[in-house]
Amino acid sequence: MSVQEGTRKLPGHREDTATCEHIGRMLARISDKWTILIVRTLGQGPMRFNVLKREIGEISQKMLSSTLRDLEENGFVTRTVTPVIPPQVEYALTDLGRDFLTPVYGLADWVIKNSTRIETARAAYAVRQGSR
């Protein structure tokens, strides 16, 4: 375990450090742009790959495949192959994935409610940067 500059380990707090590291790893895994969009989109119900890609929009086939594999590995998504010609593959949220919708929707609501404040802050920052 490495200690970041400016932080120190206190005796008896290894569990807190381990917990924080675990939380950090999981947040990195689930908080990227595509994961959030895929989970939110699959919240509408099971979808085939191309429908999911169309619903999400500007995502490459490679990125969608990679993110779906990661979500399946971590228990958020199931992949069901129907043995027809050509094979049909459908993705759906698991119970864990549906539980994850709660914070995803909460974050989306927060962004919507605070968009004006964020844009105002960005504009003020741009003005300050321009005056340097």
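These lines cover the structure that appears in this document, whether it is placed above or below.

Here is what the cut-offs are and how they apply
Residue indices begin from 1 for each chain and proceed along its sequence in written order. Only residues with pLDDT of at least 70 are given local features in this predicted model, and only at 80 or more are side-chain atom pairs given and counted; all residues enter the totals for whole chains, interfaces and linings. Hydrogens and waters are ignored; side-chain quantities use all the structure's heavy atoms. Under the DSSP-based scheme used, a helix requires at least four consecutive residues in state H or I and a strand at least two consecutive residues in state E, with every element numbered from the N terminus. Working definition: with a 1.4 Å probe on protein chains only, accessible area under 20% of the residue-type maximum means buried, over 50% means exposed, and in between means partly exposed. Contact definition: two residues touch when any of their heavy atoms are within 4.5 Å. When DSSP finds two or more bridges between a pair of strands, those strands are recorded as paired. Salt bridges, as used here, are contacts in which a Lys or Arg side-chain nitrogen is within 4 Å of a carboxyl oxygen on Asp or Glu.

Quick look at the overall build of the chain now. The number of helices and strands found in the chain is five helices and three strands. In the chain, the succession of α and β elements from N to C terminus is α-α-β-α-α-β-β-α. Residues classed as buried in the chain amount to 23% of the 132 residues present. Pairs at least 24 residues apart make up 42% of the contacts formed inside the chain by residues separated by at least 6 positions.

To continue, consider the sheet that holds strand β1 (residues 47–48). As summarised here, the arrangement of the three strands in space is β1-β3-β2, forming an open sheet in which the pairing is antiparallel. Only two strands of the sheet have a single partner each, and these edge strands are β1 and β2 (77–82). Pairing between β1 and strand β3 (residues 88–93): two bridges, direction antiparallel. When the sheet's bridge partners are listed, M47 is paired in β3 with Y91.

Here the residue pair I85 and P86 is connected by a cis peptide bond, since its omega of -10 degrees sits within 30 degrees of zero. Note that P86 resides in the loop between β2 and β3.

Right, let's get into the pattern of salt bridges. Evaluated as defined, the whole model comprises three salt bridges. Between R29 and D70 there is a salt bridge, with the nearest N and O atoms lying 3.9 Å from each other. Of the two residues, R29 sits in helix α1 (residues 14–30) while D70 sits in helix α4 (residues 61–73), which places them 41 residues apart along the sequence. Residue R122 is joined to E119 by a salt bridge in which the shortest nitrogen-to-oxygen separation is 3.1 Å. Of this pair, R122 and E119 both sit in helix α5 (residues 95–130), three residues apart, which is roughly one turn of that helix. By relative accessible area, which is 54% here, R122 ends up exposed. Of the residues examined, E119 reaches a relative accessible area of 45% and is grouped as partly exposed.

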